[in-house]
Amino acid sequence: FTGSIDHNTALRAKAQLKRLQLTESGLFSGTDRIHCSDESQIFAELGIQYIPPECRENQNELEFNDFSSLITNKQIQGVFHAHSTFSDGANSIEEMANACIAKNLNYLALTEHSKTSFYANGLKEERLISYFAKIDQINTKLFPFRILKGIECDILNDGQLDFNDDVLSQFDVVIASVHQNLKMSEEKATERLLKAIENPYTHILGHLTGRLLLGREGYPLNMKRIIEACAAHQVAIELNCNPHRLDLDWRWLKACKTAGVKIVLSPDAHSVFGFEDLQYGLNLAKKGFLTANDI
């Protein structure tokens, strides 16, 4: 009963096929209760393998047969999408890197805001020299841990990115995100993102719909066109693990997997504590039946 109502209904239907009854009080054969010391035995009695709680959504999990292949914490090698005091983060670059090292991670893609996000202390072109130099300095100090030189580059209203190609070519990682002018029709929002996807320097689409849970609806998108374009241009889509976002919505993860679009689990960390949010995204990745090869 930890899953969705639809999942529970499907489980009870499985029980009925075996002339069993599944209730909140347990599993019964006629009036006799079948002793089960844990959940796995209930699933075994129903003739299906144990389904992890995250996957109990009636999304074909009763037919899925390899839950052991789903992504695990131990497979996470590094972090994309984090901000330091160079933009609007609370900790220095070195503090952010050391927090990753403490978690036995191998790399950190630091992705400060770009210039249009001036309210978030976004980087102008002239600040990039000191930004890159600081990363080089810390990389030397913390070797073999590696900080990737990244940017969370604003997608402007016309779909262009906030920096020109000469500047974008200097980054190891470019996350393209919408931060302003969020009130758009589906056509406008879709075309805006498609333009950004077509930019050869876009590696990842950040918090795809711009939603803030319990705070702001995401802008409407033609998700089929977005996913197809990302597949064609080899652009990954972020699953923003921040619990205020959780964007891309997990219900689209299977469509991305089918299309061959990689998912990036990103904490969008603005402090060393933000790395803890990875767990939320990991749980949702399991809902989408994602393996390490999908991420």
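Residues numbered from 1 in each chain as written. Predicted model: local features only at pLDDT ≥ 70, side-chain atom pairs only at ≥ 80, totals over all residues. Heavy atoms only, no water.

(A) View of the sheet that holds strand 1 (residues 21-23). The strand order across the open sheet formed by three strands is 1-2-3, and the pairing between neighbours is antiparallel. Both outer strands of the open sheet, strand 1 and strand 3 (32-34), are each paired with one neighbouring strand and no more. The sheet shows a mean angle of 40° between the axes of neighbouring strands, taken without regard to direction. In this structure, strand 2 (residues 26-29) lies alongside strand 3, joined through three bridges in antiparallel fashion. (Pairing = 2+ DSSP bridges. Helix = DSSP H or I, 4+ residues; strand = E, 2+ residues; numbered from the N terminus. Axes fitted to C-alpha atoms, helices over the stretch in contact; angles between N-to-C directions.)

(B) The pairing of strand 6 (residues 146-154), seen in detail. Of all nine residues making up strand 6, eight are buried, and the element is well covered by its neighbours. As judged from the seven bridges shared by strand 5 (residues 107-113) and strand 6, these two strands associate in the parallel manner. Looking across to strand 6, one finds that Thr111 is bridged to Gly150. Read as a crossover between parallel neighbours, the route from strand 5 over helix 4 (residues 128-142) to strand 6 is right-handed. Two elements, strand 6 and strand 7 (residues 173-177), share five bridges in a ladder whose sense is parallel. Across the sheet, the residue bridging to Ile151 is Val174, located in strand 7. (Buried < 20%, exposed > 50% of the residue type's maximum accessible area, 1.4 Å probe, protein only. Right-handed = clockwise from strand over helix to strand, strands pointing away.)

(C) Main features of unusual backbone geometry. Residue Pro144 is bonded to the preceding Phe143 through a cis peptide linkage, with omega at 15°. Here the amide bond leading from Asp247 into Leu248 is cis, since omega sits at 25°, within 30 degrees of zero. Mapped onto the elements of the fold, Leu248 is located in the loop between strand 9 (236-240) and helix 8 (253-259). Non-glycine residue Asn60 carries a positive phi angle of around 70°. Along the polypeptide, Asn60 turns up in the loop between helix 2 (39-45) and strand 4 (78-80). Positive phi values are uncommon outside glycine, yet Asn181 reaches one of about 55°. By the element assignment, Asn181 lies in the loop between strand 7 and helix 6 (186-198). Asn181 gets classed as partly exposed once you look at its relative accessible area, which sits at 48%.

(D) Quick peek at the side chain of Asp154. Residue placement: Asp154 occurs in strand 6. Nearest to the buried, unbridged Asp154 among oppositely charged side chains is Arg192, at 6.7 Å. A polar contact is formed between the side chain of Asp154 and the side chain of His179, at a distance of 3.5 Å. At a separation of 3.1 Å, a polar atom in the side chain of Asp154 contacts the side chain of Gln180. (Lys, Arg positive; Asp, Glu negative; His and termini not counted. Salt bridge = Lys/Arg side-chain N within 4 Å of Asp/Glu carboxyl O. Polar contact = N/O pair within 3.5 Å; in protein donor to acceptor, adjacent residues only side chain to side chain.)

(E) Quick peek at the packing of helix 3 (residues 93-102) against helix 4. Relative orientation of the contacting elements helix 3 and helix 4 amounts to 40°, with a least axis distance of 10 Å. Here helix 3 lies oblique to helix 4, going by the angle between them. Helix-helix and strand crossings are classified by hand; for helix 3 and helix 4 the assignment is right-handed. Taken together, the residues of helix 4 that come into contact with helix 3 (itself represented by Ile93, Glu94, Ala97, Asn98 and Ile101) are Tyr131, Lys134, Ile135, Ile138, Lys141 and Leu142. Residue composition of the contact of helix 3 with helix 4, by class: seven nonpolar, one polar and three charged. (Parallel < 35°, antiparallel > 145°, perpendicular 65-115°, else oblique. Left-handed = near helix turned anticlockwise from the far one by under 90°. Contact = heavy atoms within 4.5 Å. Nonpolar A, V, L, I, M, F, W, Y, C, P; charged D, E, K, R; others polar.)

(F) Summary view of the state of the cysteines. Under the criterion given, the structure shown has zero disulfides. We note that Cys230 lacks a disulfide partner, and the nearest cysteine sulfur, in Cys256, lies 7.5 Å from it. A relative accessible area of 1% places Cys230 in the buried class. (Disulfide = S-S within 2.5 Å.)

The values reported here are purely geometric and, on their own, carry no functional implication.
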